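# Secondary and tertiary structure notes
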Amino acid sequence: MIRHLLSAGDLDAATATLVLDTAQEMASLADREVKKLPTLRGRTVVNLFYEDSTRTRISFEAAAKRLSADVINFSAKGSSVSKGESLKDTALTLQAMGADAVVIRHSASGAPHRLANWIDGTVVNAGDGTHEHPTQALLDAYTMRSRLGRLSGLNVAIVGDVLHSRVARSNVLLLHTLGAKVTLVAPPTLLPVGVDAWPAETSYHLDSVLPDADVVMMLRVQRERMDQAYFPSAREYSRRYGLDGARMRRLPEHAIVMHPGPMNRGMEITPEVADSPRSTIVEQVANGVSVRMAVLYLLLGGKV
Ligand code: NCD
């Protein structure tokens, strides 16, 4: 039985598929007039966000509320964290208040793992530094499966700032488990050291990867994590690694374009692509709620 969701690598194929199937059931709730299940009544979910977030934080909040949990939102700004309180003391405070689950986003890779050692409840990693973002990988897999009907055998290109992307790492792990083939496409400066050991291919040439791709996942260029110049200029980057209309037309007819958001429109993706029918960007957000409902339901219900 799994108590925490810290890494996409914690999920074997059967468990990951169970999450996706459960999410599909949760999604059918969204069409009902009353979008609520009583499943987590009386349980408390704390959203502990030390880093900025729009989609992930709101999505976890909506998910917990649709399962009737009590939700406490904590953001580091405006809390005692700015007075220097440590993660451990914050965790013990939440524990004392009876948190059954803590959803944590933190700029330090490994923070959710530390937290899991300090508290009795369930810990869900909502993004730790440049390390992992397992629920994003699950919602991406869910989106691919619902658009393309399967995951096994899909060719997925993940393009851009792989170096700083927790989304890329979690996707590589999960997609490999579920039988898809991943190619990481980036300039050499934006691929992490040791990427050879990841279960993925690498390429420096976007144009040569596109004709065989079923899915192209564009990553945000994470300037806030860049302490040096990784490419000559934004224009040069877009020219080689950005997805515009002309490049999109080289994709097979059925291929989809994904982006976890937030986007740098005009940098890694043009508005023409982001707003095209191939784009699943808004669907990914909607699917995120169903997937996070499934994760909370399965972990807190002791079903995985
Ligand atoms: C991502 C994140 O925060 O890791 N966004 C998200 O959760 N939807 C990707 C990013 O910030 O570029």
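Taking an unreviewed UniProt entry as the reference, the protein chain is identified by name as Aspartate carbamoyltransferase belonging to Planosporangium flavigriseum. Quoted verbatim from the Subunit (unreviewed entry) field of UniProt, the annotation for the protein chain is "Heterododecamer (2C3:3R2) of six catalytic PyrB chains organized as two trimers (C3), and six regulatory PyrI chains organized as three dimers (R2)." The Pathway (unreviewed entry) comment attached to the protein chain in UniProt states, word for word, "Pyrimidine metabolism; UMP biosynthesis via de novo pathway; (S)-dihydroorotate from bicarbonate: step 2/3."

### A short note on the UniProt feature "domain: Aspartate/ornithine carbamoyltransferase Asp/Orn-binding" (unreviewed entry) in the protein chain
The UniProt record annotates "domain: Aspartate/ornithine carbamoyltransferase Asp/Orn-binding" (unreviewed entry) at residues 153-299. As a span, residues 153-299 carries 35% helix and 14% strand, and end to end its C-alpha atoms are 29 Å apart.

### Observations regarding the packing of aromatic side chains
Scanning the model with the defined rule gives three aromatic pairs in all. Taking the centre distance of 6.1 Å and the plane angle of 50° together, the rings of Tyr50 and Phe74 count as tilted. Remark: Phe74 occurs in strand S2 (residues 70-75) and Tyr50 occurs in the loop between strand S1 (44-49) and helix H2 (55-66); sequence separation between them is 24 residues. The two residues Tyr50 and Phe74 agree in class, both being buried.

### Notes on helix H11 (residues 281-300)
Compared with the 28 Å implied by 1.5 Å per residue over 20 residues, the 29 Å span of H11 between its first and last C-alpha is a close match. Helix geometry: H11 is bent most strongly at Asn287, by close to 25°. For H11, the buried fraction is high: 15 of the 20 residues fall into the buried class. A positive phi of about 65° marks Gly302, the residue just after H11.

### Quick notes on the pairing of strand S8 (residues 215-218)
Burial of S8 is two-sided: the residues Val215 and Met217 facing one way and the residues Val216 and Met218 facing the other way are all buried. Sheet topology places strand S5 (residues 155-159) next to S8; four bridges connect them, and they run parallel. Counterpart to Val159 in the pairing with S8 is Met218. One ladder, built from three bridges, connects S8 with strand S9 (residues 256-258); its direction is parallel. If you follow Met217 over to S9, its bridge partner there is Met258.

Conventions we followed
- Residues numbered from 1 in each chain as written.
- Predicted model: local features only at pLDDT ≥ 70, side-chain atom pairs only at ≥ 80, totals over all residues.
- Heavy atoms only, no water.
- UniProt positions renumbered as here; feature names shortened; annotations may be inferred.
- Helix = DSSP H or I, 4+ residues; strand = E, 2+ residues; numbered from the N terminus.
- Phe/Tyr/Trp six-rings, centres within 6.5 Å; stacked < 30°, edge-to-face > 60°.
- Buried < 20%, exposed > 50% of the residue type's maximum accessible area, 1.4 Å probe, protein only.
- Expected span 1.5 Å × (residues − 1).
- Bend = angle between axes of the 7 residues up to and from the residue.
- Pairing = 2+ DSSP bridges.

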